[in-house]
Amino acid sequence: KQDLDEIQSLYRKSSINQLIIGGVFFLCIWINIDEVFLLLPEKFQVGKWVVFYIGLSHLFNMATGLNGEIIINSKYYRYDLYTSVFLVFVTFATNFVLIQKYEINGAAMATAISIILFNLIRLILIKAKMKMHPFSLKTIYTVLILVIIYFSLDFLPNSSFVFVDIIWKSLAILMIFIPAMLYLNLSEDITLFIKELKAKFLS
């Protein structure tokens, strides 16, 4: 139907919903990353920054919303192939350069660079061709809240019990983020879902 207003609405909703869900998961993982690796054999310690780079790149991928779907279902569908070929070449080039220098971290960095550039090009394409983008002030608020929560909790002392630290930090993230999200109404869909849950279990 070429209803660009509806597509723009879905574009932004998918972006903010995925950013919120992905952001909270990423924050829960990263703020507990040292505790998680304490539970693993020492040889896995080098994987800490692999988690960061891969997680961050996929969070950006989620935050860009329905990039691929919009391109595929538009008259610019050929660009889906072009950007996919670009992704292959960038992935190969960055792996070739970075693995030699940084080994496993280099592979993660290469993946992150490739995914971010891939989605960035798609963002620019949709903006240039269809005058749409998935971001809003709510995107900025969401990122700021996640960053503030991280730095607020990261400096607090840990207990001597790894599992206790993982649980309380994760619960603290949810207890701070959810009220802030509801107060700012960052996502109408998630707010409605939470209200329905409350009505169901508290009625």
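Data block above holds the structure.
Caption draft 1: Region of interest: the nonpolar core. Judged by nonpolar contacts, the single largest core of 25 residues is most densely connected at Ile20, Ile149, Ile173, Phe177 and Met181. Looking at this core element by element, the count peaks at nine residues for helix H1 (residues 4-31). In this structure, Ile149 is in contact with Leu27, Ile173, Ile176 and Phe177, ignoring residues within four places of it in sequence. Core analysis: the second largest hydrophobic core is formed by nine residues, Ile70, Tyr76, Ile126 and Met132 among them.

Caption draft 2: Molecular detail of the pattern of salt bridges. Applying the stated criterion across every chain, the model contains three salt bridges. With a shortest N-O distance of 3.1 Å, Asp34 and Lys48 are connected by a salt bridge. Taken together, the residues span a long stretch of sequence, with Asp34 in helix H2 (residues 33-38) and Lys48 in helix H3 (residues 48-63) at a distance of 14 residues. The class for Lys48 is partly exposed, based on a relative accessible area of 22%. One salt bridge connects Asp80 with Arg122, and the closest N-O pair in it is separated by 2.4 Å.

Caption draft 3: Spatial organisation of the side chain of Ser114. Locating Ser114 in the fold gives a position in helix H5 (residues 78-130). Polar contacts involving the side chain of Ser114 include one to the side chain of Thr94, which spans 3.4 Å. One polar contact links the side chain of Ser114 to the main-chain carbonyl oxygen of Ala110, over a distance of 2.8 Å. Apart from the residues within four sequence positions on either side, Ser114 is in contact with Leu87, Val90, Thr91 and Thr94.

Cut-offs and rules
Residues numbered from 1 in each chain as written. Predicted model: local features only at pLDDT ≥ 70, side-chain atom pairs only at ≥ 80, totals over all residues. Heavy atoms only, no water. Core = buried A, V, L, I, M, F, W, Y, C linked by side-chain atoms within 4.5 Å. Buried < 20%, exposed > 50% of the residue type's maximum accessible area, 1.4 Å probe, protein only. Helix = DSSP H or I, 4+ residues; strand = E, 2+ residues; numbered from the N terminus. Contact = heavy atoms within 4.5 Å. Salt bridge = Lys/Arg side-chain N within 4 Å of Asp/Glu carboxyl O. Polar contact = N/O pair within 3.5 Å; in protein donor to acceptor, adjacent residues only side chain to side chain.

Geometry only, nothing functional implied.
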